[in-house]
Number of protein chains: 2
Amino acid sequence: MISFEGFVQEDGSPIYLQILRYIKRGVVAGVIRDGDELPSRRVLSALLGVNPNTVQKACRTLEEEGLLCSFAGSKSLMQLDEEKIRAIRTELVTEDALTAVRALRQMGIGKAEAMALLEQAWQTAEAQDSAPHAKEAEQ
Amino acid sequence: MISFEGFVQEDGSPIYLQILRYIKRGVVAGVIRDGDELPSRRVLSALLGVNPNTVQKACRTLEEEGLLCSFAGSKSLMQLDEEKIRAIRTELVTEDALTAVRALRQMGIGKAEAMALLEQAWQTAEAQDSAPHAKEAEQ
DNA sequence: CCAACTGTATCACTGCTATAATACAGTTGC
DNA sequence: GCAACTGTATTATAGCAGTGATACAGTTGG
């Protein structure tokens, strides 16, 4: 069963796209694999605190892209292979990296400084990712 | 008078936010300076091919942030100082770099590979920026 | 003075996102 | 068989973004 514990709703972008990206990133990371079961629309909507219709919209998009197979009245399983995963990876990397690089270039920032800023952002993200684990350590 | 020739509408995000970011990036790049005049709402909306109300929404936000001063019945001038510029730069860099880095980390991509991907994206952006100049060279 | 500009405000309308409440048909397990 | 789940579809409602049209008040330059 696919987990959504790391999901946090924040962006200004549509929720169904956030759900979509979360799943795709999980696929690229190898956390979500071929044949993995998606929680039911109702369960997932309760987990994420959003409307079932919003979850359904994300699922329909996934299905249209051939990444999810939904059996009416039954489960919903991920449908993945190496080629699809590679395509998603390229899609997401291009989207994320190129967007950031274009923004930095538009600000007149040079390549060397940009790389330094990105490396610094990496440290920040690393610190923020490991910080929450302190709670688990207390348990 | 502030130029908007490099502006291209593409994102899925609201247009008034795109206009806002375009101006802020110009400020950070030093292309837009203190006292610079913004084209009138009507002229700018015609330039960008959007509704005057959309431009007005971006301008009101700029004004609320103390970056623009609009004289009713007259011009609209940028109101900048070193401190504001530094704040904008930090705001945008954090927003852009951290967003990309978080996405890459969520995909399970390591630091070394991430930096390589970003450097590759830089080359791509560089090529796309210089390509349009071919048209100018023809003139 | 006055015409032409400026910023500002309002109204109606469309489209998309999201919520809410249902309803229906297929699958599963006891 | 039947209750409890599953995916799917429909309707209504609300808010925000964006467009289009219009109106009003202040500024500017000839």
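Use the structure listed above.
Keep in mind it's a predicted model, so treat the numbers as computed, not measured.

> What is the right way to read the packing of helix H1 (residues 15-29) of chain A against helix H3 (residues 52-64) of chain A from this model?
To characterise two packed helices, one gives the angle between the axes of the helices and the distance between these axes. Residues and elements named next belong to chain A. The N-to-C vectors of H1 and H3 enclose an angle of 50 degrees; their axes lie 8 Å apart at closest approach. Classified by the angle their axes make, H1 and H3 are oblique. Regarding H1 and H3, the two cross each other, and that crossing is right-handed. Contact residues: Ile 15, Tyr 16, Ile 19, Leu 20 and Ile 23 in H1; Thr 54, Val 55, Lys 57, Ala 58, Thr 61 and Leu 62 in H3. Split into classes, the residues belonging to the contact of H1 with H3 amount to eight nonpolar, two polar and one charged.

> Just to check I follow, could you spell out the side chain of Arg 25 of chain B for this structure?
Assignment of secondary structure puts Arg 25 of chain B in helix H1 (residues 15-29). A relative accessible area of 13% means that Arg 25 of chain B is categorised as buried. Every residue in contact with Arg 25 of chain B, bar those within four places of it in the chain, is listed here: Ala 103, Gln 106 and Met 107 of chain A together with Leu 92 and Asp 96 of chain B.

> Would you mind going over the pattern of salt bridges with me for this structure?
Oppositely charged side chains can pair when the atoms bearing their charge come close. The full count for this structure, using the stated rule, is 16 salt bridges over all chains. Among the salt bridges present, the one from Arg 25 of chain A reaches Asp 96 of chain A, with a minimum N-O distance of 3.7 Å. With Arg 25 of chain A in helix H1 and Asp 96 of chain A in helix H4 (residues 82-106), the pair connects residues that are 71 residues apart, well separated along the chain. Residue Lys 75 of chain B pairs with Glu 37 of chain B through a salt bridge whose shortest N-O separation is 3.9 Å. Of this pair, Lys 75 of chain B sits in the loop between strand S1 (68-70) and strand S2 (76-78) while Glu 37 of chain B is found in the loop between H1 and helix H2 (41-48), placing the two residues 38 residues apart along the sequence. One connected set of salt bridges, linked through shared partners, spans Lys 24, Glu 65 and Glu 91 of chain A.

> Would you take a moment to explain the interface of chain A and chain B for this structure?
Many descriptions give the size of an interface as the accessible area lost when the pieces come together. If you look at the interface, chain A gives 36 residues, while chain B gives 36 residues. Here chain A and chain B share an interface that buries about 3500 Å² over both sides, 68% of which is from carbon and sulfur atoms. Contact with chain B buries area across many residues of chain A, yet Arg 105, Met 107 and Trp 122 of chain A alone supply 23% of it, more than any other trio. Summed over the shared surface of chain A and chain B, the result is six salt bridges. Taking the shortest distance from any N to any O, the salt bridge between Glu 119 of chain A and Lys 111 of chain B comes out at 3.5 Å. On inspection of chain A and its partner chain B, the count reaches eight residue pairs in polar contact (both at pLDDT 80 or more). The set of elements that each furnish at least two residues to the side of chain A that touches chain B consists of H1, H4 and helix H5 (111-130) of chain A.

Quick notes on the rules
- Residues numbered from 1 in each chain as written.
- Chains lettered and ligands numbered in written order.
- Predicted model: local features only at pLDDT ≥ 70, side-chain atom pairs only at ≥ 80, totals over all residues.
- Heavy atoms only, no water.
- Axes fitted to C-alpha atoms, helices over the stretch in contact; angles between N-to-C directions.
- Helix = DSSP H or I, 4+ residues; strand = E, 2+ residues; numbered from the N terminus.
- Parallel < 35°, antiparallel > 145°, perpendicular 65-115°, else oblique.
- Left-handed = near helix turned anticlockwise from the far one by under 90°.
- Contact = heavy atoms within 4.5 Å.
- Nonpolar A, V, L, I, M, F, W, Y, C, P; charged D, E, K, R; others polar.
- Buried < 20%, exposed > 50% of the residue type's maximum accessible area, 1.4 Å probe, protein only.
- Salt bridge = Lys/Arg side-chain N within 4 Å of Asp/Glu carboxyl O.
- Buried area = accessible area lost by both parts, 1.4 Å probe.
- Polar contact = N/O pair within 3.5 Å; in protein donor to acceptor, adjacent residues only side chain to side chain.

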